[in-house]
Amino acid sequence: MNKELKTIDIVNRGLKRRYRAERRFRRLGLGAIVISLVFLSILFASIFMNGHGVVFQSRIELDIFFDPELFSEGDVGRQDYPRLVKTALYNMFPEVSGRSAKRSLYALVSSGAAFQLRAMVLEDRSLIGKTLPIWVPADDDVDMLVKGHLERESGRLSEQQLTWIDHLISQGRLEKKFNTAFFTSGDSREPELAGIWGAVSGSFFTLVVTLLLSFPIGVASAIYLEEFAPRNRWTDLIEVNINNLAAVPSIVFGLLGLAVFLNAFGMPRSAPVVGGLVLSLMTLPTIIIASRAALQSVPPSIREAALGVGASKMQMILHHVLPLALPGMLTGTIIGMARALGETAPLLMIGMVAFIVDIPAGFTDPSAVLPVQIYLWADSPERAFLERTSAATMALLIFLIAMNGLAVVLRKKFERRW
């Protein structure tokens, strides 16, 4: 009896130790999750605080006189539009004299104001001869001052310029307006004119090429390896190489694209079609592995039942196995595409780091992509580019979260349990 009690005591003490260890492990796991969420929240908050101001851009209201004498000769698109801006500024501050003072006055307005006026005249020739109040973009230093990101004592703006800015604010001629240029323009050397639409378009064309190539090839490869390929040393070698390729650094695929697509085939640099080819090579192993796992998850009874009622092997795969495995395949494809969207290194190797101003209109036009655009802006010294870098990062994170969320929704909606 004493021996049995002693054994029970030993067992109970062991159980208590195991329960304590289990509780410690759960607390450690919960603590790790909480810490991760805290740091992630700090990161997102930092990006948001730096980038939310890009939604508004400081603009100056100028009374622009579209002087008919300026447009009397020559092409309307080739006239001296900066002169219209300078004249409007001088009319507001006629007491300014001297080349240096005038240069400081004209520096308050962005060089993009002239392009804005040119676009307006090209769109509506009836503006010639009229005087209109027009809101034009302010210089990036003025914008940073108005938003509170630049100290008055920083030295970026002179005392005279600060006086002019205060006068414009008191007159209601310097205000923050919704920044449509950031969402509709391409890259620019001037921060106040730079936008993400060119990079977003380039990312879209690149991902379209990636999806059209990687999804059918990846699914077809998975079906062959899982359903048709014989089990021998060659198929084992192929499977090992596919698993190894999934872990290869992405820059290696960029070097491969540089050597094959650009140097050997002579394809255009900085083109979405080349970027899509490179990213297709990178995402194929991920899609093949996910597709094979989805095929393996289909119960053998489905195959046996289809074959038992007289279906051929191809009919069994296309009509029974593939529809059941498709949700898992789509999930793996979307995750692979999300990874491709955030890649920078392979695209740098094929020249997509070039400064591209124009919005790409097709798959062969030079373009940038969103991650590379963020890289370029992060390397710029102007404070205003930090704001745009953070805003572009927010846009990239939104796309990535949306794509991963779509993968989860597709899996939950179409997943079947047996």
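Residues numbered from 1 in each chain as written. Predicted model: local features only at pLDDT ≥ 70, side-chain atom pairs only at ≥ 80, totals over all residues. Heavy atoms only, no water.

Trainee: Would you take a moment to explain the overall build of the protein for this structure?
Mentor: Within the protein, the regular secondary structure consists of 16 helices and three strands. Computed over C-alpha atoms, the radius of gyration of the protein comes to 31 Å, more than 25% over the 22 Å expected from 2.2 N^0.38 for 418 residues, which places it beyond the range of a compact globule. Expressed along its principal axes, the backbone C-alpha trace of the protein runs to roughly 105 × 65 × 35 Å. Evaluated residue by residue, the protein yields a buried proportion of 42% over its 418 residues. Put simply, of all contacts in the protein between residues at least 6 apart along the chain, 76% involve residues at least 24 apart. Counting only carbon and sulfur atoms, one obtains 62% of the accessible surface of the protein, whose full area is about 23000 Å². (Helix = DSSP H or I, 4+ residues; strand = E, 2+ residues; numbered from the N terminus. Rg over C-alpha atoms; globule rule 2.2 N^0.38 Å. Buried < 20%, exposed > 50% of the residue type's maximum accessible area, 1.4 Å probe, protein only. Contact = heavy atoms within 4.5 Å. Areas by Shrake-Rupley, 256 points an atom, 1.4 Å probe, with all protein chains shown as cover.)

Trainee: What should I look at first to understand the side chain of Ser188 in this one?
Mentor: The topology assignment puts Ser188 in the loop between helix H7 (180-184) and helix H8 (197-228). Within the structure, the side chain of Ser188 is placed 3.1 Å from the backbone nitrogen of Glu190, a separation counted as a polar contact. Here Ser188 is in contact with Leu193, Ala194, Phe355 and Phe385, once residues within four sequence places are set aside. (Polar contact = N/O pair within 3.5 Å; in protein donor to acceptor, adjacent residues only side chain to side chain.)

Trainee: Before we go on, may I ask you to explain the nonpolar core in this structure?
Mentor: Across soluble globular proteins, you tend to see nonpolar side chains buried next to one another. Membership of the largest hydrophobic core comes to 40 residues, with the highest contact counts inside it found for Ile196, Val274, Leu347, Ile350, Leu370 and Trp377. Those elements giving two or more residues to this core turn out to be H8, helix H10 (250-264), helix H11 (272-296), helix H13 (313-341), helix H15 (370-378) and helix H16 (383-414). Here this core takes nine residues from H16, the largest share from any one element. When neighbours within four sequence positions are excluded, Leu370 is seen to be in contact with Ile196, Ala199, Val200, Ser203, Ala392, Ala395, Leu396 and Phe399. Formed by 37 residues, the second largest nonpolar core is a distinct cluster that contains Phe71, Leu84, Ala114 and Leu174. (Core = buried A, V, L, I, M, F, W, Y, C linked by side-chain atoms within 4.5 Å.)

Trainee: Any chance you could explain a positive patch on the surface here in plain terms?
Mentor: Where like charges cluster on the molecular surface, the positive patch consists of Arg13, Lys16, Arg17, Arg20, Arg23, Arg24, Arg26 and Arg27. Assignment of secondary structure puts Arg24 in helix H1 (residues 2-51). For Arg24, a relative accessible area of 44% translates into the label partly exposed. (Patch = residues over 30% accessible without salt bridge, like charges linked within 9 Å, V, L, I, M, F, W, Y side chains within 5 Å. Salt bridge = Lys/Arg side-chain N within 4 Å of Asp/Glu carboxyl O. Lys, Arg positive; Asp, Glu negative; His and termini not counted. Charge placed at Lys NZ, Arg CZ, Asp CG, Glu CD.)

Trainee: Would you explain the sheet that holds strand S3 (residues 174-178) in this entry?
Mentor: Through backbone hydrogen bonds, the strands of a sheet pair up, either in parallel or in antiparallel fashion. Read across the open sheet, the three strands follow the order S2-S1-S3; overall the sheet is antiparallel. With partners counted over all chains shown, the strands left at the sheet margins are strand S2 (131-137) and S3, one partner each. Within the sheet, the average angular offset between the axes of one strand and its neighbour, ignoring direction, is 45°. Bridge count between strand S1 (residues 56-65) and S2: seven bridges; the pairing is antiparallel. Of the residues in S2, the one forming a bridge with Glu61 is Trp135. (Pairing = 2+ DSSP bridges. Axes fitted to C-alpha atoms, helices over the stretch in contact; angles between N-to-C directions.)

Trainee: I keep staring at helix H6 (residues 159-170) and nothing clicks. Help me out?
Mentor: Note that an α-helix has 3.6 residues per turn; residues three or four places apart therefore point the same way. Here H6 spans 17 Å end to end across twelve residues, near enough to the 16 Å set by a 1.5 Å rise per residue. The complete set of buried residues in H6 reads Gln161, Leu162, Trp164, Ile165 and Leu168. Viewed along the axis of H6, the buried residues span an arc of 160°, placing them on a single side of the element. Facing away from the buried side of H6 by more than 90 degrees, the exposed set consists of Glu159, Thr163 and Ser170. On its buried face, H6 is in contact with S1, helix H2 (81-92), helix H3 (99-106), helix H5 (140-147) and S3. (Expected span 1.5 Å × (residues − 1). Arc of directions from axis to C-beta.)

Trainee: Looking at this model, I keep getting lost on the pairing of S1. Mind explaining?
Mentor: As a general feature of sheets, a regular strand has side chains that alternate between the two faces. Counting buried residues in S1 gives seven out of ten residues, a clear majority hidden from the surface. Sheet topology places S1 next to S3; five bridges connect them, and they run antiparallel. Bridging across to S3, Phe56 finds its partner in Phe178.

Trainee: Would you explain the packing of H2 against helix H4 (residues 112-123) in this entry?
Mentor: Packed helix pairs are specified by the crossing angle of their axes together with the interaxial distance, meaning the distance between the axes. At a closest axis distance of 8 Å, the pairing of H2 and H4 adopts a crossing angle of 115°. When the interaxial angle is binned, H2 and H4 end up roughly perpendicular. The element H2 and its partner H4 pack so that their crossing is right-handed. On the side of H2, the interface is formed by Tyr81, Pro82, Leu84 and Val85, while H4 contributes Ala113, Ala114, Leu117, Arg118 and Val121. For the contact of H2 with H4, the class distribution of residues is eight nonpolar, no polar and one charged. (Parallel < 35°, antiparallel > 145°, perpendicular 65-115°, else oblique. Left-handed = near helix turned anticlockwise from the far one by under 90°. Nonpolar A, V, L, I, M, F, W, Y, C, P; charged D, E, K, R; others polar.)

Trainee: Teacher, can you tell me more about the pattern of salt bridges here?
Mentor: Opposite charge on two side chains makes pairing possible when the charged atoms of those side chains draw close. Under the criterion given, the structure shown has twelve salt bridges. For Glu239, the salt bridge is made with Arg292, and the minimal N-O distance between the two is 3.1 Å. Separated by 53 residues along the polypeptide, Glu239 in helix H9 (residues 233-245) and Arg292 in helix H11 bring together distant segments of the chain. A relative accessible area of 12% places Arg292 in the buried class. In this structure, Glu387 engages Arg388 in a salt bridge whose closest nitrogen and oxygen atoms are separated by 3.3 Å. Judged on exposure class, the residue Glu387 and its partner Arg388 are both buried. One salt-bridge network, held together by shared partners, links Asp143, Lys147, Glu387 and Arg388.

Trainee: Just to check I follow, could you spell out unusual backbone geometry for this structure?
Mentor: Most peptide bonds adopt trans geometry, and most residues besides glycine take a negative phi value. Although it is not a glycine, Ser270 adopts a positive phi angle of roughly 60°. In this structure, Ser270 sits in the loop between H10 and H11.

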